[in-house]
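What follows is the residue order along each chain.
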Amino acid sequence: MRQRTALYQSTTEYSPDKAELKGAGLLFLLMSLLLVADWVLPQYFGVHIMFDITSTRFMNLVLLAYFLLNPKAGNHFLRTIPEVEMTPYLALYMVVIVYTTVLRVNVNTFFLNFLDILTFYMVYYGIRYVIGVRRAIDWTARIAWVLGIYGLVEYFLGFSPMVRYLMTVPNAAMYGSRSGQYRVMGPCVHSIGYGMLLLLLIAIICIDYDSDEVYLFRHPALLVLLLLNVFLTGSRGSLGLAVLEVFLIVICSRGERRKKTFFYLIVLLLLFAVIETAIIRTEVGRYVMMQITSVIDQVFGTEFSAKFGANVTLLGQSSSYRDYLPRIFTVEWLNPLVGRGVNARVGFEFDGVYIVSIDNFYVASYIRYAYPGLITFALFQLMTAFIMIKNGLKHRSGLCMATAVGFVIYSVSLFWADYLQTTKYMYILIAIYCAWYGERFQEQDRQNRRKRRRHSPAGIVL
């Protein structure tokens, strides 16, 4: 009886450090398991019964059963969907998914996207009404510790324990190396995907919830650990974007915090230089320099990384074939209005170069969903970034700016990789923002818009 009372009590008074439905014990447990599973457990862990039931999908099913058995809770969940600012843009994207599914007779095209978006709304609901934003951020920091330490263990083992012991459903996940060095992959299916996950985690661990500020050294040791993991992924794109992300986070910090951050960064860089100079002749030292110089080579077209053991020919081939990917937009046999669905197996040949790996999410989206899918998802991305930045500036919110930085950096990373089953992490970041905005400013902003509309001669508020 206590659970039912807590679940349906009035939410007119809200304490920003406590979710309204915290007292709903079973729902709290289920939402907590969903959040942890979504962050930690790999996509290849689960069972295959007609389709892959991963740990996240299993929690989706359990929560759907909970909502069916508790109609008031289910109705409350459904009523929260329209309050999410990104819902109209996700709805447009889902329209394209639905008609692509029907025309291509491919059920996976619908369910792969629908389940991701359903999970987004469940995670949002869980953080906003059950777990609480502060707790979600704190838990994410602890999860980042676990993943960061796991990444170090994985590197020294030279294989992924998750792939070796947790792969229970068919998946493309496999060990990888570059220039003789093992590339860590964490809970992801590829090391590049793990790099994309780390970029999102770095943004979240820099959030100071209580003061609503973004501060690069909110968790200094954890930041160093995650950046080290970025090095160990062997992903040049992730490393370069991590540097850009750090810079943007510093820019978004407030005055005093920004000064402290610059001072600590200088100290950290000097310390790094001293340590790297001492170990540069070791395998680890050469690997670190190879990663740094590989990024420099990528940007300036040099070959400094060859001095530290990089296979510059292989790296050059890895970069050059991506130059052909935009030409896929000119292929006549691809329908520009109806994509080929998620299971499409296509190959392309340009100037004697045969392309089977589409390492660009936006090009891959064109193949799967044609221009309508590409445009609607890009609209969702642009509006999400715009909304976060707008509210960040309006409310002087560090949380808004941190999530905006993480989201933009992740979106940019998709130019050099397909999503690699990492969209679920992106949706967690967005869910944290939406829950925060909902708990603090959504009703206030709604009432302000109504007042302005009443005083506007045309009844329009821009």
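Just above, that's the structure.
Residues numbered from 1 in each chain as written. Predicted model: local features only at pLDDT ≥ 70, side-chain atom pairs only at ≥ 80, totals over all residues. Heavy atoms only, no water.

K.L.:
Looking at this structure, how should I read the nonpolar core?
P.N.:
Nonpolar side chains in soluble globular proteins generally cluster together in the buried interior. Core analysis: the biggest nonpolar cluster contains 141 residues, and Trp39, Phe67, Phe348 and Ile430 have the highest contact counts within it. Once residues within four sequence positions are removed from consideration, Trp39 is found in contact with Thr140, Ile143, Leu147, Pro187, Leu197, Leu201, Ile204, Tyr425 and Ile428. (Core = buried A, V, L, I, M, F, W, Y, C linked by side-chain atoms within 4.5 Å. Buried < 20%, exposed > 50% of the residue type's maximum accessible area, 1.4 Å probe, protein only. Contact = heavy atoms within 4.5 Å.)

K.L.:
Help me understand helix H10 (residues 220–233), please; the structure alone is not making it clear to me.
P.N.:
In an α-helix, one turn spans 3.6 residues, which is why side chains three or four residues apart end up on the same side. Over its 14 residues, H10 extends 20 Å from the first C-alpha to the last, a length consistent with the 20 Å expected when each residue adds 1.5 Å. Burial in H10 covers these residues: Leu222, Leu223, Leu225, Leu226, Asn229, Val230, Phe231, Leu232 and Thr233. Where the residues of H10 are buried, they touch helix H7 (133–157), strand E4 (181–183), helix H9 (191–205), helix H11 (236–252) and helix H13 (283–300). (Helix = DSSP H or I, 4+ residues; strand = E, 2+ residues; numbered from the N terminus. Expected span 1.5 Å × (residues − 1).)

K.L.:
Hey, could you run me through the packing of aromatic side chains in this one?
P.N.:
The description of an aromatic ring pair uses the distance of the two centres, along with the angle that the planes make with each other. With the rule as written, the count across this model stands at 32 aromatic pairs. Between Phe110 and Phe111, the ring centres sit 5.2 Å apart and the planes meet at 80°, which makes this aromatic pair edge-to-face. For Phe110, a relative accessible area of 22% translates into the label partly exposed. For Phe111, a relative accessible area of 39% gives the class partly exposed. Taking 6.1 Å as the distance between ring centres and 15° as the angle between the ring planes, the aromatic pair formed by Phe329 and Tyr371 counts as stacked. With a gap of 42 residues between them, Phe329 in the loop between helix H14 (312–320) and strand E7 (348–350) and Tyr371 in helix H15 (residues 361–394) connect regions that are remote in the sequence. It is Arg164 that lies over the ring of Phe159; its NZ or CZ is 3.7 Å from the centre. For Arg257, the ring lying beneath its charged end belongs to Tyr215, and the centroid distance is 4.4 Å. (Phe/Tyr/Trp six-rings, centres within 6.5 Å; stacked < 30°, edge-to-face > 60°. Lys NZ or Arg CZ within 6 Å of the ring centre and 35° of its normal.)

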